Amino acid sequence: QVQLVESGGGLVQAGGSLRLSCAASGRTFSRYAMGWFRQAPGKEREFVAGIDWNGGSTLYQDSVKGRFTISRDNAKNTVYLQMNSLKPEDTAVYYCASSQTIVAVTSRNRYVFWGQGTQVTVSS
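Treat the numbers as computed from the prediction; the structure is a model and nothing was measured. (Residues numbered from 1 in each chain as written. Predicted model: local features only at pLDDT ≥ 70, side-chain atom pairs only at ≥ 80, totals over all residues. Heavy atoms only, no water.)

1. Examining empty space enclosed by the protein
Considering all chains together, one arrives at one cavity of 30 Å³ or more under this definition. Approximately 50 Å³ is the volume found for the largest cavity. The wall of the largest cavity is formed by V2, L4, A24, R27, T28, F29, Y32, M34 and S98. Among the residues forming the lining of the largest cavity, the class breakdown is six nonpolar, two polar and one charged. (1 Å grid on protein atoms, 1.4 Å probe; cavity = no way out; pocket = protein on both sides within 12 Å on 5 of 7 lines; lining within 4 Å. Points joined across faces, edges and corners; volume = space filled by probe spheres on them. Nonpolar A, V, L, I, M, F, W, Y, C, P; charged D, E, K, R; others polar.)

2. Some words on the packing of aromatic side chains
In the structure shown here, the tally under the stated rule is four aromatic pairs. For the pair F37 and Y111, a centre-to-centre distance of 5.0 Å together with 80° between the ring planes defines the contact as edge-to-face. Residue F37 is found in strand β4 (residues 34–39), and its partner Y111 is found in strand β10 (residues 111–114); the two are separated by 74 residues along the sequence. Taking relative accessible area as the criterion, Y111 reaches 4% and is therefore assigned buried. Ring pairing ties together the aromatic residues F37, F47, Y111 and W114, which thus form one cluster. The cationic tip of R19 hangs over the ring face of Y80; the distance from NZ or CZ to the ring centre is 4.0 Å. Here R72 stacks its cationic end above the ring of F29, 4.4 Å away from the centre of that ring. (Phe/Tyr/Trp six-rings, centres within 6.5 Å; stacked < 30°, edge-to-face > 60°. Helix = DSSP H or I, 4+ residues; strand = E, 2+ residues; numbered from the N terminus. Buried < 20%, exposed > 50% of the residue type's maximum accessible area, 1.4 Å probe, protein only. Lys NZ or Arg CZ within 6 Å of the ring centre and 35° of its normal.)

By themselves these figures say nothing about function.
Structure, rendered in structure tokens:
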């Protein structure tokens, strides 16, 4: 059984920063790509960022490029999402997910394990 536990969400003013963490257990973390997704009220869950198995390659949604950075520490079985210059439209529940691939992918269908999510609210 794989468990992914997100933390670090909260309320922040526009222009502020947050760092999300996702701790993994129950699977060989370092063998698989990881991703962050988000879901705003009334909207579908969307890809935000992905990182391959060893951190050598990353992918980002266009709207977060230059503001968000995904990273991982395989020794700690943890993936991070550093979010800077936050905007009200970044408000959503953020989920981390473990892929069935070793390279980062954007398709939600390629991610097989999901965390419970952490709320990020950006006030204007």
